[in-house]
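Coordinate inspection notes
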Amino acid sequence: MQRSVSGSALARIVQQSRLALTPQAWRDRLTTLSRRVCRVELEGGRALGTGFLVAPDIVLTNSHVIEHRLLEALRVRFDLKVLPDRIAVHPGRVYAVTACLAQSPHSPADLMHPRPREATRDELDYAFLQIQDAPGEDRVGDGPRGFVPLAPSSPTAFEPGALALVVQHPKGRPMQVALDTFQTVNRSQTRVTYCTNTHPGSSGSPCFTPDLELVALHHSGDPRPGHESAEDDEGIPLDAIRGSLSGSVLRRLGWE
């Protein structure tokens, strides 16, 4: 990843984690998960956003990332990262998108400040994309790339002050990690806010707890001009997404 987690930040994470992880084990787990995060782009390399594998051949991203784009022009790029010399960039590997298995639009209210209303359960801003050649089955390092598992729901995941980690491709750049804290969940349980350092291009990133459990799909920063990388970032709780899916899609994802 382009920006490593500092020693002080790592100590803070391990302290909040419920798992018996050493700092090295936590870093190794984050490295494994980061291999499952990709840049969503158009054929030719124009970056659109971020996504991540939730099955060997399925990437989850935001609906607004691919809105008004031809499906056959969409690509995902894995392993776009700065190499250990901190200068060279690994270009990664590109895969074609073959289908959209499920999609929910963003809410018009997402673009307004202040919000006139909360987003509904039909406005969860997600898209599940089927990917050619199942990149999750590719061998990376000592084993297959794999995919990001859906963690059991945790009543304390979004407690104010709990740590939030977003693994992202901000502005289409090589992978970075943003770290800060959860703030609030709205009454309808369709949006969670947190303070992290994200940018355009981070949309569609996975949002993790200190235990590196997937709990939200990042979808936006503050919509006000000049606030794109400030506080009040926002995600979609994974429980809301799971609750909106049909039985056939849940079975395809192994999320039943």
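The preceding data block contains the structure.
Below is a short write-up of the structure. (Residues numbered from 1 in each chain as written. Predicted model: local features only at pLDDT ≥ 70, side-chain atom pairs only at ≥ 80, totals over all residues. Heavy atoms only, no water.)

1. Some details on the sheet that holds strand β13 (residues 192-195)
Rules: A pair of strands is considered paired only if DSSP assigns at least 2 bridges between the two. Helix numbering and strand numbering both begin at the N terminus, where a helix is a DSSP run of H or I of at least 4 residues and a strand a DSSP run of E of at least 2. Every angle, taken between N-to-C directions, lies between 0 and 180 degrees, and every axis is a line fitted to C-alpha atoms, over only the stretch in contact when it is a helix.
Around the barrel, 6 strands lie side by side as β11-β12-β13-β16-β15-β14; this closed barrel has antiparallel pairing. Averaged over all pairs of adjacent strands, the angle between their axes in this sheet comes to 45 degrees, without regard to strand direction. Direction of pairing for strand β11 (residues 163-168) relative to strand β14 (residues 206-208): antiparallel, over a ladder of 2 bridges. When the sheet's bridge partners are listed, Leu165 is paired in β14 with Phe208.

2. Some details on the sheet that holds strand β3 (residues 58-61)
Spatially, the 6 strands close up into a barrel ordered β1-β2-β3-β8-β7-β4, and their pairing is antiparallel. Taking the axes of each pair of neighbouring strands and ignoring which way they run, one obtains an average angle of 45 degrees across the sheet. Pairing analysis gives 5 bridges linking strand β1 (residues 37-42) to strand β4 (residues 74-78), with the strands arranged antiparallel. If you follow Leu42 over to β4, its bridge partner there is Leu74.

3. A word on the environment of Ser220
Condition: Any two residues whose heavy atoms approach within 4.5 Å are treated as being in contact. Each polar contact in these results corresponds to two N or O atoms within 3.5 Å; when the atoms are within protein, one needs to be able to donate a hydrogen and the other to accept it, and residues that are neighboring in sequence are counted only if both atoms are side-chain atoms.
Its place among the elements puts Ser220 in strand β15 (residues 214-220). Here the alpha-carbon distance between Ser220 and Ser203, two residues 17 residues apart in the chain, equals 5.9 Å. Those residues in contact with Ser220 that lie beyond four places of it in its chain are Asp233 and Glu234. Looking at Ser220, its side chain comes within polar contact range of the side chain of His219, at 3.4 Å.

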